Amino acid sequence: MKVNYNGFEIEVKREQCMAGYSLVYYSTFRISDGWELNSGFYDTADTVRDVIKSMKAEVDDYLKNPSNYEED
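Keep in mind the model is a prediction, meaning the values are calculated, not measured.

Novice: Explanation requested: the overall build of the protein chain in the structure shown.
Specialist: Of regular secondary structure, the protein chain possesses one helix and four strands. Scanning the protein chain from its N terminus toward the C terminus, one meets helices and strands in the order β-β-β-β-α. Reported as C-alpha extents along the three principal axes, the dimensions of the protein chain are approximately 40 × 25 × 20 Å. Burial status across the protein chain gives 24% buried among its 72 residues. Considering only contacts within the protein chain whose residues lie at least 6 apart along the sequence, 37% involve residues at least 24 apart. Within the structure as shown, the protein chain displays about 5,000 Å² of accessible surface, and the carbon and sulfur contribution to it stands at 46%.

Rendered as structure tokens:
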């Protein structure tokens, strides 16, 4: 599932991994320049919609506190 949210594209999907069980894969990129806020995978029973909600919360946090996401 892909959604655009506050200038970011969030993609979350559940797929089978090579070990045979399903994982949730996620990524969040800023639309304007392709900057990656985060990406990865979870071994979780959470639904794709639940993970989208948590990614939206992370985008909101980034927009309120961008200095917390700067690398040294």
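Novice: What am I meant to see in the nonpolar core here?
Specialist: F8, I10, V12, V24, Y26, L37, V48, V51, I52, M55, V59 and Y62 form the largest nonpolar core, which has 12 residues in total. Here the element with the most residues in this core is helix α1 (residues 48-64); it accounts for six residues. If we ignore the near neighbours within four places in the chain, the residues touching V24 are V12, K13, R14, G40, F41, Y42, T44, D46 and V51.

Novice: Would you take a moment to explain the environment of E36 for this structure?
Specialist: Among the secondary structure elements, E36 is positioned in strand β4 (residues 36-42). In this structure the C-alpha to C-alpha distance between E36 and F8, which are 28 residues apart in sequence, comes to 9.2 Å. Of note is the side chain of E36, whose polar atom sits 2.4 Å from the side chain of S39.

Novice: Sorry, what's going on with α1 here?
Specialist: One full turn of an α-helix is made of 3.6 residues, so residues set three or four places apart face in the same direction. With 17 residues, α1 should cover 24 Å at 1.5 Å per step; its first-to-last C-alpha distance of 24 Å lies within 8% of that length. Of the surrounding secondary structure, the elements contacted by the buried residues of α1 are β1 (2-5), β2 (8-16), β3 (22-30) and β4.

Novice: What is the right way to look at the packing of aromatic side chains in this model?
Specialist: Centre-to-centre distance and the angle between the planes together describe a pair of aromatic rings. One pass over the structure, following the stated rule, counts five aromatic pairs. Here Y25 and F41 contribute two aromatic rings whose centre-to-centre distance is 6.1 Å and whose plane-to-plane angle is 45°, an arrangement assigned as tilted. Within this pair, whereas Y25 is found in strand β3, its partner F41 is found in strand β4, the two being separated by 16 residues in sequence. Among the residues examined, F41 registers a relative accessible area of 54% and is labelled exposed. Aromatic side chains Y62 and Y69 sit 5.4 Å apart centroid to centroid with 80° between the ring planes, which places their arrangement in the edge-to-face category. Look at Y62 and you get buried, because its relative accessible area is 13%. Under the relative-accessibility criterion, Y69 is labelled partly exposed at 23%.

About the criteria used
Residues numbered from 1 in each chain as written. Predicted model: local features only at pLDDT ≥ 70, side-chain atom pairs only at ≥ 80, totals over all residues. Heavy atoms only, no water. Helix = DSSP H or I, 4+ residues; strand = E, 2+ residues; numbered from the N terminus. Buried < 20%, exposed > 50% of the residue type's maximum accessible area, 1.4 Å probe, protein only. Contact = heavy atoms within 4.5 Å. Areas by Shrake-Rupley, 256 points an atom, 1.4 Å probe, with all protein chains shown as cover. Core = buried A, V, L, I, M, F, W, Y, C linked by side-chain atoms within 4.5 Å. Polar contact = N/O pair within 3.5 Å; in protein donor to acceptor, adjacent residues only side chain to side chain. Expected span 1.5 Å × (residues − 1). Phe/Tyr/Trp six-rings, centres within 6.5 Å; stacked < 30°, edge-to-face > 60°.

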